[in-house]
Number of protein chains: 2
Amino acid sequence: MAKRLSPALQQVKALTFDVFGTVVDWRGSISREGRKLGQALGVRADWTAFADAWRAGYQPAMQEVRSGKLPWTNIDGLHRRILERILDESGLDMLSDEEKDHLNRAWHRLSPWPDSVRGLRRLKKGYLITTLSNGNVSLLTNMAKHARLPWDCVLSAELFHHYKPDPEAYLGAAAMLGLAPHEVMMVAAHKNDLHAAQKAGLRAAFVQRPLEFGDPKKKDLKPEKDFDVNAADFIDLAAKLGL
Amino acid sequence: MAKRLSPALQQVKALTFDVFGTVVDWRGSISREGRKLGQALGVRADWTAFADAWRAGYQPAMQEVRSGKLPWTNIDGLHRRILERILDESGLDMLSDEEKDHLNRAWHRLSPWPDSVRGLRRLKKGYLITTLSNGNVSLLTNMAKHARLPWDCVLSAELFHHYKPDPEAYLGAAAMLGLAPHEVMMVAAHKNDLHAAQKAGLRAAFVQRPLEFGDPKKKDLKPEKDFDVNAADFIDLAAKLGL
């Protein structure tokens, strides 16, 4: 049986989840889609490097929005801009616009980690569970339908026109749920996301995802006592929350 | 077996649902909550009239927002303003602020029509299904959790700061789903909602809800050939969409 929850955790009513890397395996999924496309077209490339290159463009692209260099652009739009830059080096420059669109929507079809769906179902019994991702609403909604993620609702940085880790994203989510920040706990596999959530007044649950970048050594997996919960996966998180 | 869908219907990918009256029975639910509270407090009143009075304040309150007389206020806020005005005549003026808040959240606890959950489950197999209600996100999310409504996502006029039937609400929903207006069909028991959706380029499915106001004579239940579908309930709608 789980030990009694701390007073801080007892007040938590909703869990807001980071998605890319925390709920779904973007690297395995994108490299798989690349490989499939490559086979169909007779193109050979390092598809894991392709996935990594696509993802590497993500933070700088959001920074361009944050700095005002780009007007508000959702993640579908940013993914597409990055894709245009990496197509050549992957030997995919022959794709039509329609084929590029389809490939770009590979981010709508990411596969969950093995424990994600089962863990979310358990967590849903005790909490309102929602995305709080930089991914746009349609991406998150299509992904949930594809992967059977049982969200109670779909919140996104898109609703606030502020990408995480801007405080507006965390505070906007709490307000939209009709909750005080301390009634909401951010769940993420990335410490900077959790630190920003805590700074905005939310609680924080760290979930290790050792395979996000392939090699566990490439990730900081160390539990931190500043987080309200440290968990190995969603099943462990549910257990630690007494579910 | 359903007959072949029309070319217009074949392009529909998402169904956006009106909620109050279309998915849930606000009148039966609110009068039941009033009655329960009255019994607990020893207050006698006509609780159906109480529900009707509360609902009667709804359109004028949204009009105050639309006209700019009130700054953007979500439905929880509007419901609370109306409640303050009708508490006296219902003999509930002794309620504490906390008790008023709880009563106000009766709108988060509305019960679905008998076919709603089963019908939505069927429709979800063929379409992305989402709310498109004037109710705020937290109201709709709490309601879905309470009534087990299996939405793929939760969209609300709150996201666009425009109440239906303003076109921004319909066009905003389509854009947020990453779809063209004609790929989205509004489902509602109210013809003005459907006419406005059609004007914005969406498709329209009319669902009769003869008991919304108690007496079927109080509602326009007539099918219209201008709507893409006319259905008796959600089961009939699913059948007419070939599901």
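The rules behind the values
- Here the residue numbering is sequential within each chain, running from 1 through the sequence in written order.
- Each chain gets a letter, beginning with A, and each ligand a number, beginning with 1, in the order they are written.
- In keeping with the predicted nature of the model, local features appear solely for residues at pLDDT of at least 70, side-chain atom pairs appear and are counted solely at 80 or more, and the whole-chain, interface and lining totals rest on all residues.
- If DSSP finds at least two bridges between two strands, the strands pair.
- In this description a helix means any DSSP run of H or I spanning at least four residues, a strand means any run of E spanning at least two, and both kinds are numbered starting from the N terminus.
- Axes here refer to lines fitted to C-alpha atoms; in helices the fit is confined to the stretch in contact. Angles between the N-to-C directions go from 0 to 180 degrees.
- The contact rule is simple: place each C-beta atom from the backbone, and if two of them lie within 7 Å, those residues are in contact.
- Each angle receives one of four descriptions, namely roughly parallel if under 35 degrees, roughly antiparallel if over 145, roughly perpendicular if within 65 to 115, and oblique otherwise.
- Should the near helix be turned anticlockwise from the far one by less than a right angle, the crossing is termed left-handed; should it be turned clockwise, right-handed.
- Under the scheme applied, nonpolar residues are Ala, Val, Leu, Ile, Met, Phe, Trp, Tyr, Cys and Pro; charged residues are Asp, Glu, Lys and Arg; polar residues are all the others, including Gly.
- Exposed residues have 12 or fewer other C-beta atoms within 10 Å of their own C-beta, buried residues have 20 or more, and partly exposed residues fall in between, where C-beta atoms are placed from the backbone.
- Boundaries between domains were set according to an automatic or database domain assignment.
- Copies overlap after least-squares fitting; the atoms used are the C-alpha atoms of residues with pLDDT of at least 70 in both.
- Handedness of a crossover: with both strands directed away from the viewer, a clockwise path from the first strand across the helix to the second marks it as right-handed.
- Think of a nonpolar core as buried Ala, Val, Leu, Ile, Met, Phe, Trp, Tyr and Cys residues chained together by C-beta atoms that fall within 7 Å.

**Q** Can you help me understand the sheet that holds strand E2 (residues 128-133) of chain B in this one?
**A** Sheet strands pair via backbone hydrogen bonds, and the direction of the pair is either parallel or antiparallel. Residues and elements named next belong to chain B. Overall, parallel pairing links the 6 strands, which are arranged E3-E2-E1-E4-E5-E6 in an open sheet. Two strands close off the open sheet at either side, each with one partner strand: strand E3 (153-156) and strand E6 (229-231). Direction aside, neighbouring strands of the sheet carry axes that sit 25 degrees apart on average. Note: strand E1 (residues 14-17) against E2, 4 bridges, orientation parallel. From the neighbouring strand, Leu 15 faces E2, where its bridge partner is Ile 129.

**Q** Could you clarify how one ought to interpret the environment of His 108 of chain B in this entry?
**A** Secondary-structure assignment places His 108 of chain B in the loop between helix H6 (97-104) and helix H7 (116-124). Ignoring any residue separated from it by four or fewer positions in sequence, one finds His 108 of chain B in contact with Leu 139, Asn 142, Met 143 and His 146 of chain B.

**Q** Just checking my understanding: could you explain the packing of helix H3 (residues 47-56) of chain B against helix H5 (residues 75-86) of chain B for this structure?
**A** Geometrically, a packed helix pair is captured by the angle between its two axes and the distance between the axes. Residues and elements named next belong to chain B. Relative orientation of the contacting elements H3 and H5 amounts to 130 degrees, with a least axis distance of 9 Å. The orientation of H3 with respect to H5, classified from their angle, is oblique. The handedness of the crossing between H3 and H5 comes out as right-handed. Here Phe 50, Ala 53 and Trp 54 of H3 come into contact with H5, specifically with Ile 82, Leu 83 and Ile 86. For the contact of H3 with H5, the per-class residue count stands at 6 nonpolar, no polar and no charged.

**Q** Teacher, can you tell me more about unusual backbone geometry here?
**A** Comment: phi is negative for the bulk of residues other than glycine, and the bulk of peptide bonds are trans. Note that the residue after Lys 164 of chain A, namely Pro 165 of chain A, is joined by a cis bond; omega there is 10 degrees. The residue Pro 165 of chain A is located in the loop between strand E3 (153-156) and helix H9 (167-176) in this model. A positive phi angle, near 60 degrees, is found at Arg 148 of chain B, a position not held by glycine. Mapped onto the elements of the fold, Arg 148 of chain B is located in the loop between helix H8 (137-147) and E3. For Arg 148 of chain B, a count of 11 C-beta atoms within 10 Å puts it in the exposed group.

**Q** What exactly am I supposed to notice about the domain arrangement of chain A here?
**A** Reports often express the size of an interface as the amount of accessible area lost when the parts come together. All names here are of chain A. Partitioning chain A into structural domains gives domain 1 (7-25 + 111-240) and domain 2 (27-108). If you average the C-alpha positions of domain 1 and of domain 2, the two centres end up 24 Å apart. Opposite the 17 residues of domain 1 that make contact, domain 2 presents 12 residues. Split into classes, the residues belonging to the side of domain 1 that touches domain 2 amount to 5 nonpolar, 8 polar and 4 charged.

**Q** How should the interface of chain A and chain B be read in this particular structure?
**A** On the side of chain B, 14 residues touch chain A, which itself brings 14 residues to the contact. Contributing elements (two or more residues each) for the side of chain A that touches chain B: helix H8 (137-147) and E3 of chain A. The element contributing the most residues to the side of chain A that touches chain B is H8 of chain A, with 5 residues. Partitioned by chemical class, the residues of the side of chain A that touches chain B number 8 nonpolar, 3 polar and 3 charged.

**Q** Explain the relation of the copies chain A and chain B to me, please; I cannot follow it from the model alone.
**A** The pair of chain copies shares a relation made of a rotation about an axis and a shift along it. By a simple turn and slide, chain A fits onto chain B: the slide is 0.0 Å along the axis, the RMSD is 0.0 Å, and the turn is 180 degrees. Within this description, the copies of the chain are treated as partners about a two-fold rotation axis. Minimal C-alpha separation from the rotation axis in chain A is found for Cys 153 of chain A, amounting to 2.7 Å. Interface residue correspondence from chain A to chain B reaches 100%, placing this contact among same-surface, isologous pairings.

**Q** What's the story with the environment of His 108 of chain A in this structure? I'm lost.
**A** The exposure class of His 108 of chain A is buried, given the 21 C-beta atoms found within 10 Å. For the pair His 108 of chain A and Phe 160 of chain A, spaced 52 residues apart in sequence, the C-alpha separation works out to 20 Å.

**Q** I would appreciate a short explanation of the pairing of E3 of chain B in the present structure.
**A** Sheet faces and side chains relate simply in a regular strand, where the side chains alternate between the two faces. Residue and element names in this part refer to chain B. Of the two faces of E3, the one carrying Cys 153 and Leu 155 and the one carrying Val 154 and Ser 156 are both buried. The pairing of E2 with E3 spans 4 bridges and is parallel. Paired with Ser 133 across the two strands is Ser 156, which belongs to E3. For the handedness criterion, the β-α-β arrangement of E2, H8 and E3 is classed as right-handed.

**Q** Help me out: how do you make sense of the sheet that holds E3 of chain A in this one?
**A** Residue and element names in this part refer to chain A. Pairing is parallel in the open sheet, where 6 strands are placed in the order E3-E2-E1-E4-E5-E6. Each edge of the sheet is formed by a strand with only one pairing partner; in this case those strands are E3 and strand E6 (229-231). Across the sheet, the axes of successive neighbouring strands diverge by a mean angle of 25 degrees, strand direction being ignored. Pairing geometry for strand E4 (residues 184-188) and strand E5 (residues 203-207), over 4 bridges, is parallel. Counted as the bridge partner of Ala 188 is Phe 206 from E5.

**Q** Can you walk me through the packing of helix H2 (residues 26-41) of chain A against helix H3 (residues 47-56) of chain A in this structure?
**A** Residue and element names in this part refer to chain A. Packing of H2 against H3 leaves a shortest axis separation of 8 Å and a crossing angle of 125 degrees. In terms of axis orientation, H2 runs oblique to H3. Where H2 crosses over H3, the handedness of that crossing is right-handed. Contacts between H2 and H3 pair Trp 26, Arg 27, Ile 30, Ser 31, Gly 34, Arg 35 and Gly 38 from the former with Trp 47, Thr 48, Phe 50, Ala 51, Trp 54 and Arg 55 from the latter. When its residues are assigned to classes, the contact of H2 with H3 shows 6 nonpolar, 4 polar and 3 charged.

**Q** Before we go on, may I ask you to explain the nonpolar core in this structure?
**A** General note: in soluble globular proteins, nonpolar side chains tend to be found buried as a group. Counting residues in hydrophobic clusters, the biggest one holds 144 residues, and the most contacted among them are Met 186, Ala 205 and Leu 237 of chain A together with Met 186, Ala 205 and Leu 237 of chain B. Beyond its immediate stretch of four places on either side in the chain, Met 186 of chain B contacts Thr 16, Leu 132, Tyr 170, Asp 193, Leu 194, Ala 197, Leu 202 and Ala 204 of chain B.

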